[in-house]
Amino acid sequence: MKRDYYEDIQLLDSKVLWFWFLMLIAALIVFPFLAPNYYVYMANYMAIHVIVTVGLNILVGYTGQISLGHAGFFAIGAYGSVILMNVLHLPFLLAILLAAFISAFFGFILGLPALRLEGPYLAIATLGFGMAITQVIGRWQVFGGRMGLETPSLKIFSYVLNSDRQLYFLIVTIAFFMVLAARNLMKTRVGRAFIAIRDSDIAAETMGVNLTFYKTLAFAVSAFYAGIAGGLMAFLLGFINPSTFNFILSIYFLAFVIVGGLGSIFGSIMGGVVMTWLMLTLDKVQELPYLGSILIMFSERWMNITGLPNIASIIFGLIIILLVVFEPLGLYGFWIRTKIYWKTWPF
Amino acid sequence: MFFQLLVSGFSFGSLYALVALAMVIIYKTSEVPNFGQGEMAMLSTFVAYTLLVTHNNSFVLSFVGSLFFAAILGVFLEFVFLRRAKDPNILSLILITLGFQMILYGLASWKWGAEQRDLPFPVSDFDVINLGPAVLSYLNIATLLITLVLMLILFLFFKYTKVGIAMKATQQNAMAARINGIRTNRILSITWAMSSVIGAVAGILLAPIATLDPNLMLEPLLKGFSAAVLGGMTTLVGAALGGYILGIIENLFGGYVSLEFKSIVAFGIIVLVLCFKPSGLFAKHYVRKV
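Reading the values: the criteria
- Residues numbered from 1 in each chain as written.
- Chains lettered and ligands numbered in written order.
- Predicted model: local features only at pLDDT ≥ 70, side-chain atom pairs only at ≥ 80, totals over all residues.
- Helix = DSSP H or I, 4+ residues; strand = E, 2+ residues; numbered from the N terminus.
- Rg over C-alpha atoms; globule rule 2.2 N^0.38 Å.
- Buried ≥ 20, exposed ≤ 12 C-beta atoms within 10 Å, placed from the backbone.
- Contact = placed C-beta atoms within 7 Å.
- Axes fitted to C-alpha atoms, helices over the stretch in contact; angles between N-to-C directions.
- Parallel < 35°, antiparallel > 145°, perpendicular 65-115°, else oblique.
- Left-handed = near helix turned anticlockwise from the far one by under 90°.
- Nonpolar A, V, L, I, M, F, W, Y, C, P; charged D, E, K, R; others polar.
- Expected span 1.5 Å × (residues − 1).
- Pairing = 2+ DSSP bridges.

1. Notes on the overall build of chain A
Then comes step 1: Helix and strand counts for chain A stand at 15 helices and 4 strands.
Then comes step 2: Relative to the compact-globule value of 20 Å for 347 residues, chain A shows a C-alpha radius of gyration of 21 Å, a close match.
Then comes step 3: The burial tally for chain A puts 45% of its 347 residues in the buried class.
Then comes step 4: Contacts spanning at least 24 positions in sequence make up 76% of the contacts within chain A whose residues lie at least 6 apart.

Printed below as a string of structure tokens:
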């Protein structure tokens, strides 16, 4: 039972939640000291994808716009931070922040046509934007062309970060605060305006929501998230080239959002984590126990052994379709249903 | 130079027009922008390749076989996945077709790998005829002719056959069509089959110019989609015209301004046009009511 506005906008509204929240922080701190190196690398990957997913969910799940061009913003963040560090010799934190703002600016620009477009028209406009960014980066020598760019060494104040474990603390801290920020944003006036626009933009406008401002803001915020994530990804991979940021990546990001659940921050976290695990595991599908050798036999007999990693694409496609058809709320929907099931257990 | 660019732009434009037509036919009946269109065409082209090269059939047989495959694929996807979605909104429809795209892309790359192949086409790309100041290859001419014939068939189909008219009725008002005894579900399946076949023709015509690999249709799909949006997603004629316009503008841009950024110009045009005419150039703009 909520009695006033301030209770409604509280970050965590019960003691139980506080307990698990603190446990989560503790687990995140302890994790890299216990887990083997590969899992730390995977956790970095997951944290970056969680940032993008949360950002994209603000746009798709909360504001009801569609974007098939988020790989473009991701690329702007990655290239922006690397180039700002290489050319202008800015410190890392400043460079990544600036790159994310550049990305947000592009998001704002893309938000302008979005004011008049919807459905398939918006989809193709954003898709074209994403493709155009990759093409420009691939053709322009400043961006290293098709050969790509090496990332400079990563220094924060005077600490040099070079192992996955050291990166972990940077990436997970940033991801943690960005997720918190998103959760808080959705509880404010801005967040409510986004949701109103999603439910009906005309009704929202008659209620006094400034559509121009809030739609472009949603694009800008979402692009900002993608920009930060892109910058971090550049340093995680250590090397970036245009083919990393292709059209398929944009669909993957959308898939993370769908799998997690539209319009739910917690869902986005689950979606980002689960799908990244699946993505990295399927990349080496032939090394899985039992299943791997069966697939190899099957490929040799019927398919082509070199194309085996592409099975990830098939499985992702199937997951998207099945979820959309049978569980439109995604993993978050499963979570809610399990919770209700246990709460009311014998019934 | 100008005339040459115009003519070859026309030839590319006709491929975009085919893809655009395929998209619009589906979009009009089921309101789905089919992002899987390109991969459906790509897979059908690979089937043609397999029939032709691996199994040594004649070209006509492989061509017909691949079109047959395309029709079945279209019906299959519509029946198995799309029809299962309960009152879907536009976002979930887009996502389902994106799912098709990923599944088909994955299947094709699993089966045929990233290796680049050549589809032997009976009409040569190198023998040319001179047409005033311009040079046209036989393949260009074949592309233009096949496209025009296909469009003519489509026009006659929608104008004079019973199925075509039923299709138009379904597009205008599915409920009313159903009340009047049209099996709208079957019409939907036929639509998907038709669209898939048109896409497959575009894929087979494109394969000798480009190289046959799983990425074959990625760009043409986006261009064709752009063309459809440019002309208006709700008019067949508009979509076809949009394809030609896009092909010509793109080629002129490539010739006079910059060859490197040729493929970006399409998206620039789309965004610009959509800013001024949100429903495309040739379609009537409906303002949505609350």
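After that view, the rundown keeps rolling.
2. Considerations on the overall build of chain B
Then comes step 1: In terms of regular secondary structure, chain B is built from 11 helices and 2 strands.
Then comes step 2: Listing each helix as α and each strand as β along chain B from the N terminus yields α-α-α-α-β-β-α-α-α-α-α-α-α.
Then comes step 3: In terms of overall size, chain B behaves like a compact globule, its C-alpha atoms giving a radius of gyration of 19 Å where 290 residues would be expected to give roughly 19 Å.
Then comes step 4: Taking the principal axes of the C-alpha coordinates as reference, chain B spans close to 55 × 50 × 35 Å.
Then comes step 5: Taking contacts inside chain B between residues at least 6 apart in sequence as the whole, the part at least 24 apart equals 73%.

3. A few points about the interface of chain B and chain A
When the parts of a complex come together, some accessible area is lost, and that lost area is often taken as the interface size.
Then comes step 1: Between chain B and chain A, the residue contacts involve 40 residues of the former and 41 residues of the latter.
Then comes step 2: Of all elements in the fold, only helix 4 (90–112), helix 9 (218–231) and helix 11 (262–276) of chain B reach the threshold of two or more residues within the side of chain B that touches chain A.
Then comes step 3: The greatest single-element share of the side of chain B that touches chain A, amounting to 18 residues, is contributed by helix 4 of chain B.

4. A short note on the packing of helix 1 (residues 2–30) of chain B against helix 9 of chain B
Residue and element names in this part refer to chain B.
Then comes step 1: With their axes 8 Å apart at the nearest point, helix 1 and helix 9 run at an angle of 70° to one another. Classified by the angle their axes make, helix 1 and helix 9 are roughly perpendicular. Seen from above, helix 1 lies across helix 9 with right-handed handedness. Within the contact between the two elements, helix 1 uses L15, Y16, A17, V19, A20, M23 and V24 and helix 9 uses P220, L221, K223, G224, F225, A227, A228 and G231.
Then comes step 2: Residues that form the contact of helix 1 with helix 9 fall into these classes: 12 nonpolar, 2 polar and 1 charged.

5. Here's the deal with unusual backbone geometry
Then comes step 1: The phi dihedral of H89(A) falls on the positive side, at around 55°, and the residue is not glycine.
Then comes step 2: Relative to the assigned elements, H89(A) resides in the loop between helix 4 (70–87) and helix 5 (92–114).

6. A few points about helix 7 (residues 164–185) of chain A
Residue and element names in this part refer to chain A.
Then comes step 1: Spanning 22 residues, helix 7 covers 30 Å between terminal C-alpha atoms, matching the ideal 32 Å at 1.5 Å per step.
Then comes step 2: Listed as buried for helix 7 are L167, Y168, L170, I171, V172, A175, V179 and A182.
Then comes step 3: Among the structural elements, helix 2 (15–34), helix 3 (37–62), strand 2 (154–156), strand 3 (159–161), helix 10 (211–237) and helix 12 (265–283) are those in contact with the buried residues of helix 7.

7. Points about helix 8 (residues 184–206) of chain B
Then comes step 1: For helix 8 of chain B, which comprises 23 residues, the first-to-last C-alpha distance of 33 Å matches the rise-based estimate of 33 Å (1.5 Å per residue) to within 8%.
Then comes step 2: Within helix 8 of chain B, 19 of the 23 residues are buried, which leaves it mostly tucked inside the rest of the structure.

8. A few points about the environment of A47(A)
Residues and elements named next belong to chain A.
Then comes step 1: Inspection of the secondary structure puts A47 in helix 3.
Then comes step 2: Classification of A47 as buried rests on a count of 28 C-beta atoms within 10 Å.
Then comes step 3: As for A47 and L282, which are separated by 235 residues in sequence, their C-alpha atoms are 19 Å apart.
Then comes step 4: The residues contacting A47, other than those within four sequence positions of it, are I171, V172 and A175.

9. Things to note about the environment of N251(B)
All names here are of chain B.
Then comes step 1: As for its position among the elements, N251 is in helix 10 (residues 236–256).
Then comes step 2: Measuring from C-alpha to C-alpha, the distance between N251 and L91 comes to 33 Å, with 160 residues separating the pair along the chain.
Then comes step 3: In contact with N251, other than residues within four places in its own chain, are L5, S8, G9 and F12.

10. Let's talk about the packing of helix 4 of chain A against helix 11 (residues 247–260) of chain A
All names here are of chain A.
Then comes step 1: Closest axis-to-axis distance for the helix 4/helix 11 pair is 7 Å, and the angle between their directions is 105°. With respect to helix 11, the element helix 4 is oriented roughly perpendicular. Between helix 4 and helix 11, the contacting residues are H70, A71 and F74 on the first element and F247, L249, S250 and F253 on the second.
Then comes step 2: The residue makeup of the contact of helix 4 with helix 11, split by class, is 5 nonpolar, 2 polar and no charged.

11. With respect to the environment of G145(A)
Residues and elements named next belong to chain A.
Then comes step 1: By the element assignment, G145 lies in the loop between helix 6 (120–139) and strand 1 (149–150).
Then comes step 2: When the C-alpha positions of G145 and N86 are compared, they lie 16 Å apart, and in sequence the two are 59 residues distant.
Then comes step 3: Ignoring sequence-local partners within four residues, the contact set of G145 consists of G138, R139 and W140.

12. A look at the pairing of strand 2 (residues 134–137) of chain B
Residue and element names in this part refer to chain B.
Then comes step 1: Sheet topology note: the strand 1 (residues 128–131)/strand 2 ladder contains 4 bridges and is antiparallel. Note that in strand 2 the partner of N130 across the bridge is V135.
Then comes step 2: Counting the residues in the hairpin turn of strand 1 and strand 2 gives 2 residues, including G132, whose phi is positive at 65°.

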